[in-house]
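Remarks on the overall topology
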Amino acid sequence: MSTETKKETRESWKTPTVMGSLAAVVLVFFGILGKPETVSFELTGVRETVQLPNIDVASNILGIASGILLLAMAGFAALQVARNVRSSIWLSVVFGAIALVALLGWLAGGAVVPVAFILGSALVLAVPIILGAMAGVMSERVGVVNIAIEGQLLTGAFMASVVSTLTGNQIIGIISAMITAALFSAVLAVFAIRFLAQQIIVGVVLNVLAIGITNFLYQQWVTEDESATNSPGTLPIIHIPFLGDIPIIGPVLFQNRITVWLAIAIVIVLWFVLFKTKLGLRARAVGENPLAADTVGINVGRTRFWWVTLGGLLAGLGGAALTIGSSGSFGREMSGGLGFIALAVVILGRWHPGYATAAALLFGFSIILRIWANQVSPGIPTNFITMVPYIVTIIAVVGFVGRSRPPAADGIPYVKG
Amino acid sequence: MTKSVNKEPIDWNAALKEILSGGVTRTVVSVILGFAVGAFFMIISNREFLQSLGYFFADPLSSLRAAGDVVGAGYGALIQGSIYNPNAATFEGAIRPFTETLRLAGPLIAAGLGIGLGFRVGLFNIGGTGQLVSGLIWATFVATRMELPPVIHFVVAIVAAIVGAALVGAFVGFLKARTGANEVITTIMLNYIIVSFFNFLLTDNALLQGETAGGYTKSDPAFETARLPYLLGESYALNLGFVLAIAAVVVYWWLMERSTIGFRLRAVGFSPSAAKTAGINVERTFVLALGLSAAFVGIAAANQALSSTGGVTPTSHAGIGFDAITVALLGGSSASGVLLAGLLFGAFKAGSSAIQIVGISPDVLGIVQGSIVLFIAAPPLIRAIFRLPPPQTTSMLSALKSKLFSRGGK
């Protein structure tokens, strides 16, 4: 059973194998068995200033072409393994993107694919996941496992909606959402650092508490008069002049709510701080080897406390993006497992802000795909499309990530000795 | 100081300290604190109380009375709904709430044991929901699509539920052993996948959707022969499911504390590398542990699939997969602990409609549930609040025990 696992030094054949099988699926099902109908990829919407022509292609031709391209990439990955070179994670990302295009083409046989709409919605839907994942990255990088992202998103969503409505000011709503989620996170930090509690347990319990408290307040108090407590409206969509008019990129990136831009900025800043500054180096040291960090004079407890607590700010913003950044009001347990998806995204993205964001975008994409596919081809059971991102995640964890290595001291309390 | 404990005169102070520092005291204190937090939320959301705050300084007593009233009403309703209803016309009606508690506790206990088994091996099985639903699928197939003689039918259905759940757990274990895939991710993902698959099965007449379901995602009711028999006659909903849960407790205790398998599991949980050195196949133990963990969850699935007279729906899993995590945590993953924790949370479920009737959202019980486990998770916090002594390592308690119970221990 463990013959393969012994050879740790050799690159694993799992990645090329998984890639090869996926490529075969695309080639056979989307290509050879695909429908010959035309798919048109609509690059620009009707109301946009710059117009680009639609790209029309036969569904099965697209399937065959992308299948061959994917096979070539799998072959390249196999070559890398044979040479014992570690293949880049970007190969997997590009591979995934091409596979998704093929999936779109297969689903939309005889219909139009609104590219900008799908990409833009994917980004908006991914924002809570991205921000939740950044909270997870911040706390796990300093060695505190954060299962409580779900609860932080939920409290953030609740506070953003209720406080915005009560004060009539959405900015105050966002700020209070962030602060509440940060306080929530601080509870995790204090229990983990000061009381040396089992972090996974505290995380699970905080989720139970967040669900319990928001449900209770919602039913006992908010539902009595929703218009006075729970109708904050949504943040305005800002259209940046000129940049917003660029085809595809404009509608996707530069016609958005402020929550989307904040999320993108946060990912970049967090990446920079984590990997390019002394502050980030110290934080990572605390997560990898707290004893060594302590020896060189870093205060392990304080570092952990602040990173975990400030991570809560981000998750709170993610929660705000759920209510005033998208749906416009709070609903019972509206985070609906997004926090757990964020948790998976952290691990899938190897505790790296950029890769985690790529994984979060995959989930955002899959949510919009499910909604949209239901409209264009009602014949396909939506239950199966719902499964796609989860199956992809398992395949990714099994094939691409495998023994992903968390920060060495993740989950382990540090006792100064 | 002396070598032999039994000759030492009993130091009552030390024994008391040991009791106070022990796990039982901590648990009891945590439960009380949890109820206090719940009371706090009932009070601050109560309209009479908030109004009385306006003239608090003129009439502080009325605030206190309002607070006392709402807490009394809330927890009174909880007791009435879960243990004994003194207002019922008949004795049968008065004890019905308690039988409801037992009925609802059954699946929580069984699933709690499953999650607890994972904890003992150092595995975090978040996949209770998916495993339970997989069990539901198998059991529903046997119960609605196969015709078998009485008794044999529900036995086969129970086995199907257990196997259906266990296969999912073993699959997660296999992925972990083979590729190192983190079980937290794979179980979360499988939850979504299996629930979607279940929804799909329930939308097709040729699969599991019921003949009479119309457009709804619902199965046929289980055949009469496949239903778990009632324990106290038809007038109580309590059925064999509770007996299964108790049997599961006994099996779990034997498995974990007495069997060689349990030794292997605990050894891996204590230190995988040490277990490996000692010649235990850690990978195979992961598969076994997650399979067994899910098998216990499967008992809960059997209960959910074979109890209802109306057929299963996508929500028949009733959130038990997640509640089981708190049950296992509160029960410290031990057989007796999980039994008691399951009974407590079963009582919460039984009492929730009674609480709703007195105008308090039953979600307050979720807050109580979470608070209890939060306090349990942090022994130093409880000790700090109540100034309990730190863990004692004197053997006064065992000396006391051997005095009190003359047969003593070993």
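Quick caveat: nothing in here was measured; it's all calculated off a predicted structure.

For chain B, the helix and strand inventory stands at 17 helices and 0 strands. The C-alpha atoms of chain B give a radius of gyration of 24 Å, which matches the 22 Å a tight globule of 410 residues would have. Looking at chain B residue by residue over its 410 residues, the buried ones come to 52%. Partitioning the intrachain contacts of chain B with sequence separation of at least 6 by distance along the chain shows that 74% fall at a separation of at least 24.

This paragraph deals with the overall build of chain A. The helix and strand inventory of chain A stands at 17 helices and 5 strands. Relative to a compact globule of 417 residues, whose C-alpha radius of gyration would be 22 Å, chain A shows 23 Å and is just as compact. Each principal axis of the C-alpha distribution contributes one length, and for chain A these read about 65 × 60 × 40 Å. Put simply, chain A has 417 residues, and 51% of those count as buried. In chain A, of all internal contacts separated by at least 6 residues, the share reaching a separation of at least 24 is 79%.

Turning our eyes to something else, we now look at the interface of chain B and chain A. With 37 residues of chain B in contact, the opposing surface of chain A contributes 40 residues. Of all elements in the fold, only helix 7 (152-179), helix 8 (183-201), helix 12 (282-307), helix 13 (320-330), helix 15 (364-377) and helix 16 (379-386) of chain B reach the threshold of two or more residues within the side of chain B that touches chain A. Broken down by element, the side of chain B that touches chain A gets its largest block of residues, 10 residues, from helix 8 of chain B. Looking at the side of chain B that touches chain A residue by residue, the class counts come to 21 nonpolar, 13 polar and 3 charged.

This part takes up the nonpolar core. Among the nonpolar cores identified, the biggest contains 257 residues, and Val345 of chain A together with Ala139 of chain B are the most heavily contacted of them. Residue contributions to this core peak at 17 residues, all from helix 5 (residues 115-141) of chain A. Shared between two domains, this core takes at least three residues from each, and those domains are domain 1 (9-110) and domain 2 (116-374) of chain A. If we ignore the near neighbours within four places in the chain, the residues touching Val345 of chain A are Ile129, Ala133, Ala356, Ala359, Ala360 and Phe363 of chain A.

Look at helix 8 (residues 199-220) of chain A: 31 Å from first C-alpha to last across 22 residues, which is about the 32 Å you get at 1.5 Å a residue. Along helix 8 of chain A, 21 of the 22 residues are buried, which leaves the element largely enclosed by surrounding structure.

What follows is about the domain arrangement of chain A. Residue and element names in this part refer to chain A. Per the domain assignment, the segments of chain A are domain 1 (9-110) and domain 2 (116-374). Relative placement of domain 1 and domain 2: their C-alpha centres are 31 Å apart. Contacts between the two partners involve 12 residues from domain 1 and, on the opposite side, 10 residues from domain 2. In terms of residue class, the side of domain 1 that touches domain 2 is built from 7 nonpolar, 4 polar and 1 charged.

For residues with low pLDDT, the predicted coordinates do not support detailed interpretation. Put simply, chain A has an average pLDDT of 86, and 94% of its residues get 70 or more. Low pLDDT, under 50, characterises residues 1-9 of chain A; the predicted model gives this stretch 3 contacts beyond four residues in sequence or across chains.

Residues and elements named next belong to chain B. With a phi angle near 65°, Val151 is a residue other than glycine that sits in the positive phi range. Along the chain, Val151 falls in the loop between helix 6 (128-145) and helix 7. The phi dihedral of Ala318 falls on the positive side, at around 55°, and the residue is not glycine. Inspection of the secondary structure assignment puts Ala318 in the loop between helix 12 and helix 13.

Now for the sheet that holds strand 1 (residues 38-42) of chain A. Residue and element names in this part refer to chain A. Pairing is mixed across the open sheet formed by 3 strands, whose spatial order is 2-1-3. Each end of this open sheet is capped by a strand with a single partner; those strands are strand 2 (55-58) and strand 3 (112-114). If you compare each strand with its neighbour and ignore which way they point, the axes differ by 25° on average. Its contacts with the sheet put helix 5 on strand 1 and strand 3, and the angle it makes with strand 3 is roughly 45°.

Let us now look at helix 4 (residues 60-82) of chain B. For helix 4 of chain B, which comprises 23 residues, the first-to-last C-alpha distance of 33 Å matches the rise-based estimate of 33 Å (1.5 Å per residue) to within 8%. Residues of helix 4 of chain B that are buried make contact with helix 2 (23-44), helix 3 (47-54), helix 5 (91-120), helix 14 (335-357) and helix 15 of chain B.

Residues and elements named next belong to chain A. Both strand 1 and strand 2 contribute to a ladder of 4 bridges, which runs antiparallel. Each residue of the ladder has a partner; that of Ser40, found in strand 2, is Asp56. For strand 1 and strand 3, the ladder comprises 3 bridges, and the chain directions are parallel. Among the inter-strand pairings, Ser40 is bridged to a residue of strand 3, identified as Val112.

Once that is clear, we can look at the packing of helix 7 (residues 170-193) of chain A against helix 8 of chain A. All names here are of chain A. Packing of helix 7 against helix 8 leaves a shortest axis separation of 10 Å and a crossing angle of 150°. With respect to each other, helix 7 and helix 8 are oriented roughly antiparallel. Every pair of crossing elements has a handedness; the one defined by helix 7 and helix 8 is right-handed. Residues Phe184, Val187, Leu188, Phe191 and Ala192 of helix 7 form the contact with helix 8, whose own contacting residues are Gln199, Val202, Gly203, Leu206 and Ala210. For the contact of helix 7 with helix 8, the class distribution of residues is 8 nonpolar, 2 polar and no charged.

Let us look at the environment of Leu102 of chain B. Residues and elements named next belong to chain B. Relative to the helices and strands, Leu102 is located in helix 5. When the 25 C-beta atoms within 10 Å are taken as the criterion, Leu102 is described as buried. Dropping the residues within four chain positions of it, Leu102 is found in contact with Leu238, Phe242 and Gly346.

Now for the packing of helix 2 (residues 14-32) of chain A against helix 4 (residues 89-107) of chain A. Residue and element names in this part refer to chain A. Two elements in contact, helix 2 and helix 4, have axes separated by 11 Å at closest approach and are oriented at 20°. When the axis of helix 2 is compared with that of helix 4, the two are roughly parallel. In this structure, helix 2 meets helix 4 at a crossing whose hand is left-handed. Every residue of helix 4 that contacts helix 2 at Met19, Leu22, Val26 and Phe30 is listed here: Phe95, Ala99, Ala102, Gly105 and Trp106. Split by residue class, the contact of helix 2 with helix 4 holds 8 nonpolar, 1 polar and no charged.

Glancing now at the confidence of the model for chain B. Residues and elements named next belong to chain B. Chain-level statistics for chain B give a pLDDT mean of 87 and a share of 90% at 70 or above. A low-confidence stretch, residues 1-6 (pLDDT under 50), is modelled with 7 contacts involving residues beyond four sequence positions or located in other chains. Overall fold confidence for the complex sits at a pTM of 0.86, while the interface term, ipTM, reaches 0.83.

On to the environment of Ala300 of chain B, then. Residues and elements named next belong to chain B. Position of Ala300 relative to the elements: it lies in helix 12. Spatially, the C-alpha atom of Ala300 lies 21 Å from that of Thr186, the residues being 114 residues apart in sequence. Discounting chain neighbours no more than four positions away, the residues touching Ala300 are Pro107, Ala110, Ala111, Leu132 and Ile320.

Criteria and cut-off values
- Residues numbered from 1 in each chain as written.
- Chains lettered and ligands numbered in written order.
- Predicted model: local features only at pLDDT ≥ 70, side-chain atom pairs only at ≥ 80, totals over all residues.
- Helix = DSSP H or I, 4+ residues; strand = E, 2+ residues; numbered from the N terminus.
- Rg over C-alpha atoms; globule rule 2.2 N^0.38 Å.
- Buried ≥ 20, exposed ≤ 12 C-beta atoms within 10 Å, placed from the backbone.
- Contact = placed C-beta atoms within 7 Å.
- Nonpolar A, V, L, I, M, F, W, Y, C, P; charged D, E, K, R; others polar.
- Core = buried A, V, L, I, M, F, W, Y, C linked by C-beta atoms within 7 Å.
- Domains from an automatic or database assignment.
- Expected span 1.5 Å × (residues − 1).
- pLDDT = per-residue confidence, 0-100.
- Pairing = 2+ DSSP bridges.
- Axes fitted to C-alpha atoms, helices over the stretch in contact; angles between N-to-C directions.
- Parallel < 35°, antiparallel > 145°, perpendicular 65-115°, else oblique.
- Left-handed = near helix turned anticlockwise from the far one by under 90°.

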